[in-house]
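The lines below spell out each chain.
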Amino acid sequence: MLLIHCPYCEEDRSELEFRWAGEAHIARPENIAAISDEEFAEFFFLRNNEKGLTYERWRHIHGCGRFFNAARDTVSDRFLMTYKAGMPKQPIPVMEKAVAIAEEKTVETWEATEGDAR
Amino acid sequence: MVDSGIEMATRTSSLFGLHGGSSAVRLEAAPAAERISLRVHAENVSALSGALGVDLPVKPKTSASANGRTALWLGPDEWLVIGEGGYDIGNSLMQAAANSGALHSATDVSHRNVAILVSGPGAAAAINAGCPQDLSLKAFPVGACSRTIFGKIEIVLLRTAEDAFRVEVWRSFSDYAFGLLAEGARDAAL
Ligand SMILES: [Zn+2]
């Protein structure tokens, strides 16, 4: 089970209390009625779907209920950091660490990651 | 209702008749209580605290009790306030909040929730049968509270003593909550 740090609860909590809420830092257009269909599609449907470091919104839905942002590695599933909603995109604190995580050759088998989970 | 001389209808708890527990865990339905779901901006917290007679806690995972009322921190601007004693008509918490004169949102959820009291040396273990939180006294001391997960439902958990918890659950999920607690209680006694 993953532990996710909630910036509002100020502690690590089980992933079971959280819900993913899509890519972070997508600004809603200022005048949404004026934009073209293509621009709307770009804003509304198209996502980067990065492999590796990605910025996402998460919601502590079964905890404090708040949305927040997370930097996560989609290869290893590791959360690199979380921060409150409304804050600008945060740099990863220790870049070397993030690179090391990104380059890590993880063997992801059910037995290795969840085998002894209850 | 106008004074017709007839008796008021009595409300049957959704937990009525359920029984379970083990040598290590006692399970019982909590008495009826008043409850409000309260949302308040930071600048109005003191006004609402004064009106309710209990200080709304601002530290995550903490609660405060005074004057027969308990305020549970659920989120940065969100509390569950529980008042002792059921009622027939009206909700003194709603009235008190309104009397604050400060901007807030209060919803009467007295009958949305019921509560199960879990106590005994195996209480934490019984809850951990379906709840992923660390319920050690260090991480979850007396007075700690949290909205969290219990099996496939959401609960609000409050530790009332070293070996006692109050589990607040939406009434339509109470049968499930009680059943899973009964299973956990049985396992805790093994
Ligand atoms: Zn939280």
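Residues numbered from 1 in each chain as written. Chains lettered and ligands numbered in written order. Predicted model: local features only at pLDDT ≥ 70, side-chain atom pairs only at ≥ 80, totals over all residues. Heavy atoms only, no water.

Undergrad: How should the packing of aromatic side chains be read in this particular structure?
TA: When we look at a pair of aromatic rings, we describe it by the centre distance and by the angle of the planes. Residue and element names in this part refer to chain A. Here the structure, examined in full by the defined rule, presents 9 aromatic pairs over all chains. Measuring from ring centre to ring centre gives 6.4 Å for Phe40 and Phe45, while their planes differ by 85 degrees; the resulting arrangement is edge-to-face. Residue class for Phe45 comes out exposed when judged on its relative accessible area of 56%. Connected via pairs of aromatic rings, a cluster forms that spans Phe40, Phe43, Phe44 and Phe45. (Phe/Tyr/Trp six-rings, centres within 6.5 Å; stacked < 30°, edge-to-face > 60°. Buried < 20%, exposed > 50% of the residue type's maximum accessible area, 1.4 Å probe, protein only.)

Undergrad: I tried to follow the sheet that holds strand E2 (residues 33–39) of chain B on my own but got confused; where do I start?
TA: By definition, the strands of a sheet pair up through backbone hydrogen bonds, in either a parallel or an antiparallel sense. All names here are of chain B. Strands sit in the order E3-E4-E5-E2-E6 across an open sheet of 5 strands; the sheet is antiparallel. In this open sheet, the two strands that pair with only one neighbour each are strand E3 (63–66) and strand E6 (105–108). Sheet twist, expressed as the average angle between the axes of neighbouring strands with direction ignored, equals 20 degrees. Sheet strands in contact with helix H1 (residues 45–52) are E2, strand E4 (69–75) and strand E5 (78–84), and its direction is about 170 degrees off that of E2. Across the sheet, helix H2 (residues 92–99) is in contact with E2, E4, E5 and E6; its angle to E2 comes to roughly 35 degrees. (Pairing = 2+ DSSP bridges. Helix = DSSP H or I, 4+ residues; strand = E, 2+ residues; numbered from the N terminus. Axes fitted to C-alpha atoms, helices over the stretch in contact; angles between N-to-C directions. Contact = heavy atoms within 4.5 Å.)

Undergrad: Hey, could you run me through the interface of chain A and chain B in this one?
TA: Often the size quoted for an interface is simply the accessible area lost on bringing the parts together. Taken together, the contact pairs 15 residues of chain A with 16 residues of chain B. Summed over both sides, the interface between chain A and chain B buries roughly 1100 Å², with carbon and sulfur atoms accounting for 51% of that surface. Counting across the chain A and chain B interface gives 3 salt bridges. Across the pair Lys61 of chain B and Glu11 of chain A runs a salt bridge, and its minimum N-O distance is 3.0 Å. (Buried area = accessible area lost by both parts, 1.4 Å probe. Salt bridge = Lys/Arg side-chain N within 4 Å of Asp/Glu carboxyl O.)

Undergrad: Mind showing me how you'd approach the coordination of the zinc ion here?
TA: Around a metal, the ideal angle is 109.5 degrees if four donors adopt a tetrahedral arrangement and 90 or 180 degrees if six donors adopt an octahedral arrangement. Residue and element names in this part refer to chain A. Donor atoms from the polypeptide that coordinate the zinc ion comprise Cys6 (SG), Cys9 (SG), His60 (ND1) and Cys64 (SG), at 2.0 to 2.4 Å from the metal. Here the donor residues of the zinc ion are spaced in sequence according to C-x2-C-x50-H-x3-C. On the criterion of sequence distance, the pair formed by Cys6 in strand E1 (residues 3–6) and His60 in the loop between strand E4 (53–59) and strand E5 (67–73) is long-range, its members being 54 residues apart. Judged by its relative accessible area of 0%, Cys6 is buried. (Donors = N, O, S within 2.8 Å, 3.2 Å for Na, K, Ca; no water.)

Undergrad: Explain the confidence of the model for chain B to me, please; I cannot follow it from the model alone.
TA: Confidence along chain B averages 94 in pLDDT terms, with 94% of residues attaining 70 or more. We note a pTM of 0.87 for the whole complex and an ipTM of 0.91 for its interfaces. (pLDDT = per-residue confidence, 0-100.)

Undergrad: Honestly, unusual backbone geometry in this entry has me stumped. Any pointers?
TA: With glycine set apart, most residues show a phi of negative sign, and most peptide bonds adopt trans. Unlike most non-glycine residues, His25 of chain A shows phi in positive territory, near 60 degrees. Here His25 of chain A shows up in the loop between strand E3 (19–23) and helix H1 (37–44). Although it is not a glycine, Asn67 of chain B sits at a positive phi angle of roughly 55 degrees. Within the secondary structure, Asn67 of chain B is located in the loop between E3 and E4.

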